[in-house]
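Take a look at the letters that make up each chain.
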Amino acid sequence: MRPLNVLRYFLQEALSNLWTNRLNNFVSISIITFSLSTFGLFLLTAGNLSRLIGRWTENIQVNVFLQKGTDRKDVKRLESIIRSSACVARYAYINEEEALRRFHSYYPSMRELTAELETNPFPPSYEITIRREFQNNRAVQELVKQMRSDPHVEDVEYDQEWIDRVQFIIGFVRTVGLFFGGVLMFTAMFSISNVIKLMVQSRKDEIEIMRLVGATNAFIKGPFLTEGILQGLLGGILATLILFSVYQAILTRLLTLNAPFFSANQLQFLTNWMMVALIGGGMLVGFLGSFFSLRKLVKL
Amino acid sequence: MIKMFHVTKRYDREYTALQDLSLHIPKGEFAFVTGPSGAGKSTLLKLLIREETPTSGQIIVHGRNFATVTEHQIPILRRNMGFVFQDFKLLKRKTVYENVTFVLHVIGISVKIQKKRAFEILKMVGLQHKMHSYPLQLSGGEQQRVAIARALINEPVLLLADEPTGNLDPELALEIMQIFKRINARGTTVLVATHDRDMIQRIKGRVVLLERGHLTDDYSL
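This is a predicted model, so every value here is computed, not measured.

A. Quick peek at the sheet that holds strand β4 (residues 153-158) of chain A. Residues and elements named next belong to chain A. Across the sheet, which stays open at both edges, the 4 strands sit in the order β2-β3-β1-β4 with antiparallel pairing between neighbours. Every interior strand has two partners, whereas the edge strands, β2 (88-94) and β4, have only one. Pairwise comparison of adjacent strand axes, ignoring direction, gives a mean angle of 15° for this sheet. Both strand β1 (residues 61-66) and strand β3 (residues 125-130) contribute to a ladder of 5 bridges, which runs antiparallel. Looking at β3, one finds that Phe 65 is bridged to Ser 125.

Here you go:
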């Protein structure tokens, strides 16, 4: 019962302090909110890009575009090379008509453009799906090389090459997010520390009285630490709400765009654990900011 | 209750606040420490609440030898004592009730018990009707009565007061001293530091006279 009474007292005091010193606390909470929102935004972006790439890599494809007019014998020869490669999960021959049909279904607004052409501009191709365990494997590189060197092959598109580029970008986004998030968190901690310092300075007499009536160091520090934690908690909750609003706005925008290779249901908000980590991170920053300012100021 | 053996307190080479002081105040006694300004009265009280440590000598309060008390034990030690100061030392942003119950918060007493004890103690000092007032809304005498209530709420075995009537007019001062007498009659040891000789004559009790850090007289009235 006693620890609960003490905790209740800390909470009451901290809430009262937050209200009494509301202008300074507002600034601190705003800085935490901004820091956590920035950090969370990077997490959200990197997370969704990763998820998207993850889905795409489930079906990494090599598209081999043949020259128009390649005779049946050469088509069969190329097919036998593809079939015999260990890295191929499945393949499909897409003739010119099928290619044109797909174009029409993906880009219905451009149907008129192809209608104006006298001939079908699309070449036949082989759509090769690579086995998951062979992704980024030398065997795939060999197959791509062999296809590219064939005189009847116009072009070879290999998904992995640009997936590697996107993954590099995701890594970059993560690193930048961690860096800026870290710097902003440090700023937030510094701000909280200053607010608590001001509070302690203005309560010097009170702290002296507390000491004289038998309050322990922990009891004196308790309300200030709780105040720091509450600032972090509020900042964390606000940041999560802001992120969710931004996420919803992006989602709505994407739904109206109706992009062909991208569906809005592939997007996902921060996981529960990430939200807990974001809010918990805010509380930790608040606690540490308060803790470091009290370490020097409150001594028995 | 209080035993001091050859206690000396030196602040620097030039200034000695107390010199070779030995004193014994038994349990339940009402004693005054008096003397002119700079005699060492406040230093004596600071030593007894362990705000200062002696340069040499031993202090034993309520069976605890201060030489063996660690920094962490000081708050617990202070909870067995009550203090009253000349400047009241009340928390200005807290109500009378909150000031009085603050000590109970420190030791984690439930709100229900806090309310009960606060009412009883404020009734004793005649301020139960001012529970929700703030210190600055009260007169000097009332503020000192709040400070006394705060000092007593945890039922301390020892009450120490440093010039408790210094800021009050004679009538209020007498009223405060009478409260101390009533507290003492209930078994609490009371030690009051004051330079007010007239008050000592009116209230009566043991008188410890200090001059320039030396105990020069010790008698009862």
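B. Here's a closer look at the packing of helix α5 (residues 140-152) of chain B against helix α6 (residues 170-185) of chain B. Residue and element names in this part refer to chain B. Where α5 contacts α6, the axes come no closer than 10 Å and their chain directions differ by 15°. In this view, α5 runs roughly parallel relative to α6, as classed from their interaxial angle. Crossing of α5 over α6 shows right-handed handedness. Contacts between α5 and α6 involve Gly 140, Gly 141, Gln 144, Arg 145, Ile 148 and Leu 152 on the former and, on the latter, Leu 172, Glu 175, Ile 176, Ile 179 and Ile 183. Among the residues forming the contact of α5 with α6, the class breakdown is 6 nonpolar, 3 polar and 2 charged.

C. Inspection of the nonpolar core at higher detail. Within the largest apolar cluster, 67 residues are counted, with the highest numbers of intra-cluster contacts made by Val 100, Ala 149 and Leu 160 of chain B. Among the elements that line this core, the one with the most residues is helix α3 (residues 96-106) of chain B, at 7 residues. In this structure Leu 160 of chain B touches Leu 45, Leu 48, Ile 49, Met 81, Phe 83 and Leu 191 of chain B, once residues within four positions along its chain are discounted. Among the nonpolar cores identified, the runner-up in size contains 32 residues, and Ile 31, Phe 39, Ile 229 and Leu 288 of chain A belong to it.

D. How the structure looks around helix α8 (residues 204-212) of chain A. All names here are of chain A. Residues of α8 that are buried include every one of Ile 209, Met 210 and Arg 211, and no others. On its buried face, α8 is in contact with α9 (217-257). Gly 214 lies just past α8 and shows a positive phi near 95°.

E. Spatial organisation of the pairing of strand β3 (residues 30-34) of chain B. Residue and element names in this part refer to chain B. For β3, the buried fraction is high: 5 of the 5 residues fall into the buried class. Every second residue of β3 is oriented toward a common face, with Phe 30, Phe 32 and Thr 34 on one face and Ala 31 and Val 33 on the other, all of them buried. In this structure, β3 lies alongside strand β8 (residues 189-193), joined through 4 bridges in parallel fashion. Note that in β8 the partner of Ala 31 across the bridge is Leu 191.

F. Focus on unusual backbone geometry. All names here are of chain B. For His 62, which is not a glycine, the phi torsion comes out positive at approximately 50°. With a phi close to 50°, Lys 89 is a non-glycine residue in the positive phi region. Within the secondary structure, Lys 89 is located in the loop between β6 (81-85) and α3.

Quick notes on the rules
- Residues numbered from 1 in each chain as written.
- Chains lettered and ligands numbered in written order.
- Predicted model: local features only at pLDDT ≥ 70, side-chain atom pairs only at ≥ 80, totals over all residues.
- Pairing = 2+ DSSP bridges.
- Helix = DSSP H or I, 4+ residues; strand = E, 2+ residues; numbered from the N terminus.
- Axes fitted to C-alpha atoms, helices over the stretch in contact; angles between N-to-C directions.
- Parallel < 35°, antiparallel > 145°, perpendicular 65-115°, else oblique.
- Left-handed = near helix turned anticlockwise from the far one by under 90°.
- Contact = placed C-beta atoms within 7 Å.
- Nonpolar A, V, L, I, M, F, W, Y, C, P; charged D, E, K, R; others polar.
- Core = buried A, V, L, I, M, F, W, Y, C linked by C-beta atoms within 7 Å.
- Buried ≥ 20, exposed ≤ 12 C-beta atoms within 10 Å, placed from the backbone.

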